[in-house]
Amino acid sequence: DVSTGKWNTKQASDMVRAANPKESEESILELTKLLLQIRELVCKLNLTPCVRTKYTRVALQSASNNNLRLTIDRDITMINERARGSSTKSWCIEDDETIRQDAIVKMPYCVFEVKVAGVDGPPPFV
């Protein structure tokens, strides 16, 4: 089952459909195939996350629609999850562990993102 990482095509298709309800059936099938290929690769190579990203986000959008959304991410910090001193089997640094200074990278920039929905092609202001 999904909780153990053993997905069948129907379970994967249901997840893709739930995440992309407006997609065509053909697109759902292609996305399901891609999801299963990625999952197989993750399991085969025993891949685990290795970077944690932490940031503060400010989001601005109209209360009446979401055609335009502006986000600003600041205080962006990346943490190397594999740079821990303990021999724990957890993929991430535990809350009670000390993080080495060389495992932390603070990004000296903010990220400003403009998301536009319901428009074909870029809007006139871009």
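Remember, predicted model here, so these are calculated numbers, not experimental data. (Residues numbered from 1 in each chain as written. Predicted model: local features only at pLDDT ≥ 70, side-chain atom pairs only at ≥ 80, totals over all residues. Heavy atoms only, no water.)

A. How the structure looks around the pairing of strand β1 (residues 51-61). As judged from the 10 bridges shared by β1 and strand β2 (residues 68-80), these two strands associate in the antiparallel manner. In the sheet register, Thr53 faces β2, and the bridge partner there is Met78. The turn linking β1 back onto β2 is made up of six residues. (Pairing = 2+ DSSP bridges. Helix = DSSP H or I, 4+ residues; strand = E, 2+ residues; numbered from the N terminus.)

B. Quick peek at the side chain of Asp73. For Asp73, the position within the fold is in strand β2. Within the structure, Asp73 has its side chain in polar contact with the side chain of Arg57 (distance 2.7 Å). Ignoring sequence-local partners within four residues, the contact set of Asp73 consists of Tyr55, Thr56, Arg57, Cys110 and Val111. (Polar contact = N/O pair within 3.5 Å; in protein donor to acceptor, adjacent residues only side chain to side chain. Contact = heavy atoms within 4.5 Å.)

C. Up close: the side chain of Thr71. Relative to the helices and strands, Thr71 is located in strand β2. A relative accessible area of 1% places Thr71 in the buried class. With residues near it in sequence (within four places) discarded, Thr71 still touches Arg57, Val58, Ala59, Val111, Phe112 and Glu113. (Buried < 20%, exposed > 50% of the residue type's maximum accessible area, 1.4 Å probe, protein only.)

D. Expanded view of the pattern of salt bridges. All told, the structure shown has seven salt bridges when counted by the stated rule. Notably, a salt bridge pairs Arg17 with Asp14, separated by 3.8 Å at the nearest N-O pair. With Arg17 and Asp14 both in helix α1 (residues 9-19) and three residues apart, the pair spans about one turn of that helix. The salt bridge partner of Arg52 is Glu81, with a shortest N-O separation of 2.4 Å. Remark: Glu81 occurs in the loop between β2 and β3 (104-106) and Arg52 occurs in strand β1; sequence separation between them is 29 residues. In this structure Glu81 comes out as buried when scored by relative accessible area, which is 0%. Salt bridges sharing partners connect three or more residues here, namely Lys10, Asp14, Arg17 and Glu25. (Salt bridge = Lys/Arg side-chain N within 4 Å of Asp/Glu carboxyl O.)

E. Structural context of a nonpolar patch on the surface. A cluster of nonpolar side chains, namely Val58, Leu60, Leu68, Ile72, Phe112, Val114, Val116 and Val119, defines an oily patch on the protein surface of about 610 Å² accessible area. When residues of the nonpolar patch are traced back to their parent elements, those giving at least two are β1, β2 and β4 (111-116). For the nonpolar patch, the element with the most residues is β4, which contributes three residues. Relative to the helices and strands, Val58 resides in strand β1. (Patch = residues over 30% accessible without salt bridge, like charges linked within 9 Å, V, L, I, M, F, W, Y side chains within 5 Å. Areas by Shrake-Rupley, 256 points an atom, 1.4 Å probe, with all protein chains shown as cover.)

F. Spotlight on α1. Regarding α1, the residues found buried are Ala12, Ser13 and Val16. In an axial view of α1, the angular spread of the buried residues amounts to 100 degrees, which keeps them on one side of the axis. Exposed side of α1, more than 90 degrees from the buried face: Lys10 and Ala18 are the residues found there. For α1, the elements touching its buried residues are α2 (25-44). Its side-chain oxygen placed 3.0 Å from the backbone nitrogen of Lys10, Asn8 serves as the N-cap of α1. (Arc of directions from axis to C-beta.)

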